[in-house]
Amino acid sequence: MIKELGELNEKFYELYGRLYQNIELLPPKQADVMAANLLEQYKSEYARLSLKTGVDEQSEAYAVKLLAGSRIPHRWRFLWWSRANKAAELIERDIQAQVMGYFIEKEKALERLEKALDKAAEATPPAEVLAGDGEDGNAEEAAELEQSDTDTADETGNQDEAAEETEAGALEQPDNTNETTDQEQSDPTDGAGNAF
């Protein structure tokens, strides 16, 4: 209505301006009657414009109120009874879906974490096995196997040394004193590889 009212005012400003430009040519009574007629015409035009735009504005305002009543979420409550409009129901469902998605993602993340912890626990040997004093015989068997490998390597090395000394002894005759050689002290065998 503001635009239409501006146009109406501009039209009447022009009419009043022409009247007052020519007021000297008109008798005073005629000028007064013409001014009164312009005023009545203005009032009539304004009322028509107001009704015309009022219908449009009120129709639009009613449509906006209906739209607001439908689109603005709210609940009707009466004692223990409660009912949400469609907008509130849709927003509630959207929020519930977001919350459920959040919890599902959290549960999946926790499951992945638990699986990773289980795999890490399976891959890491228990502390008793690492310490070597566990009740289970795997640690003892591993230590025995390592010791037997070391003993075998020592025996092979000692036999090689004994063969070299025998060859050297054939060339030089050692004196028969009570001194023992290093090979005799470290080798618990009788020289032929047989244990005492």
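Located above this text is the structure these notes cover.
This report concerns the structure included in the present document. (Residues numbered from 1 in each chain as written. Predicted model: local features only at pLDDT ≥ 70, side-chain atom pairs only at ≥ 80, totals over all residues. Heavy atoms only, no water.)

### A look at a nonpolar patch on the surface
Taken together, the side chains of I91, I95, V99, M100, Y102, F103 and I104 present a nonpolar region at the surface, about 650 Å² in accessible area. With respect to the helices and strands, Y102 occurs in helix α3 (residues 86-123). (Patch = residues over 30% accessible without salt bridge, like charges linked within 9 Å, V, L, I, M, F, W, Y side chains within 5 Å. Areas by Shrake-Rupley, 256 points an atom, 1.4 Å probe, with all protein chains shown as cover. Salt bridge = Lys/Arg side-chain N within 4 Å of Asp/Glu carboxyl O. Helix = DSSP H or I, 4+ residues; strand = E, 2+ residues; numbered from the N terminus.)

### Re the pairing of strand β1 (residues 75-78)
Summarising the sheet, β1 and strand β2 (residues 81-84) pair through four bridges and their orientation is antiparallel. Of the residues in β2, the one forming a bridge with W76 is R83. The turn linking β1 back onto β2 is made up of two residues, and L79 within it adopts a positive phi angle of 55°. (Pairing = 2+ DSSP bridges.)

### Thoughts on the packing of aromatic side chains
All told, the structure shown has three aromatic pairs when counted by the stated rule. The interplanar angle of 25° and the centroid separation of 6.4 Å between the aromatic rings of Y42 and Y46 together place this pair among those described as stacked. Highlighted residues: Y42 and Y46, both in helix α2 (residues 28-71), separated by four residues, approximately one helical turn. Exposure remark for Y42: the relative accessible area of 24% places this residue in the partly exposed category. A relative accessible area of 35% places Y46 in the partly exposed class. An angle of 65° between the planes, with centres 5.5 Å apart, marks the rings of Y102 and F103 as edge-to-face. Of the aromatic side chains, those joined through ring pairs into one cluster are F12, Y42 and Y46. (Phe/Tyr/Trp six-rings, centres within 6.5 Å; stacked < 30°, edge-to-face > 60°. Buried < 20%, exposed > 50% of the residue type's maximum accessible area, 1.4 Å probe, protein only.)

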